[in-house]
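# Reading the structure
Chain by chain, the residues run as shown.
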Amino acid sequence: CVICSMHCVFVAIVAEYMRNQKALDAGVADTSFDTKRLLPAAVAVAGVAIIELQGAAGAPTVGDALSFAQPIGFGLGYL
């Protein structure tokens, strides 16, 4: 479930990127990637990791790698 909660981080990163692009198009000279906007998403994923991974055993598998497509696909629905 930790991998599935990564959509929080994905959406925050893409939204911040889109905000920067819109500011550049509007002619704003100083646009920087604001990492403070990503902190709440990172804390949310860390909280899920603490709850879900407590006592988890086993190494990551190919299925875990494939599961990373879910937060990207789900996150694109928010954008």
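Going by the structure above, here's the rest.
Below, the structure is looked at part by part. Just so it is clear, the model here is predicted, and its values are computed rather than measured. (Residues numbered from 1 in each chain as written. Predicted model: local features only at pLDDT ≥ 70, side-chain atom pairs only at ≥ 80, totals over all residues. Heavy atoms only, no water.)

## Some points on the side chain of histidine 7
Along the chain, histidine 7 turns up in helix H1 (residues 7-25). Setting aside anything within four residues of it in sequence, one finds histidine 7 in contact with Pro71, Phe74, Gly75 and Tyr78. (Helix = DSSP H or I, 4+ residues; strand = E, 2+ residues; numbered from the N terminus. Contact = heavy atoms within 4.5 Å.)

## Looking at a nonpolar patch on the surface
Nonpolar side chains collect at one region of the surface, where Ile13, Tyr17, Met18, Phe33, Ile72, Phe74, Leu76, Tyr78 and Leu79 lie side by side and expose about 900 Å² of accessible area between them. Residue assignment for the nonpolar patch shows that the elements contributing at least two residues are H1 and helix H4 (69-76). Position of tyrosine 17 among the secondary structure elements: in helix H1. (Patch = residues over 30% accessible without salt bridge, like charges linked within 9 Å, V, L, I, M, F, W, Y side chains within 5 Å. Areas by Shrake-Rupley, 256 points an atom, 1.4 Å probe, with all protein chains shown as cover. Salt bridge = Lys/Arg side-chain N within 4 Å of Asp/Glu carboxyl O.)

## Some remarks on the pattern of salt bridges
Counted by the stated rule, this structure contains one salt bridge. Taking the shortest distance from any N to any O, the salt bridge between arginine 19 and glutamate 16 comes out at 2.6 Å. Linking arginine 19 with glutamate 16, this pair stays in helix H1, spanning three residues, or about one helical turn.

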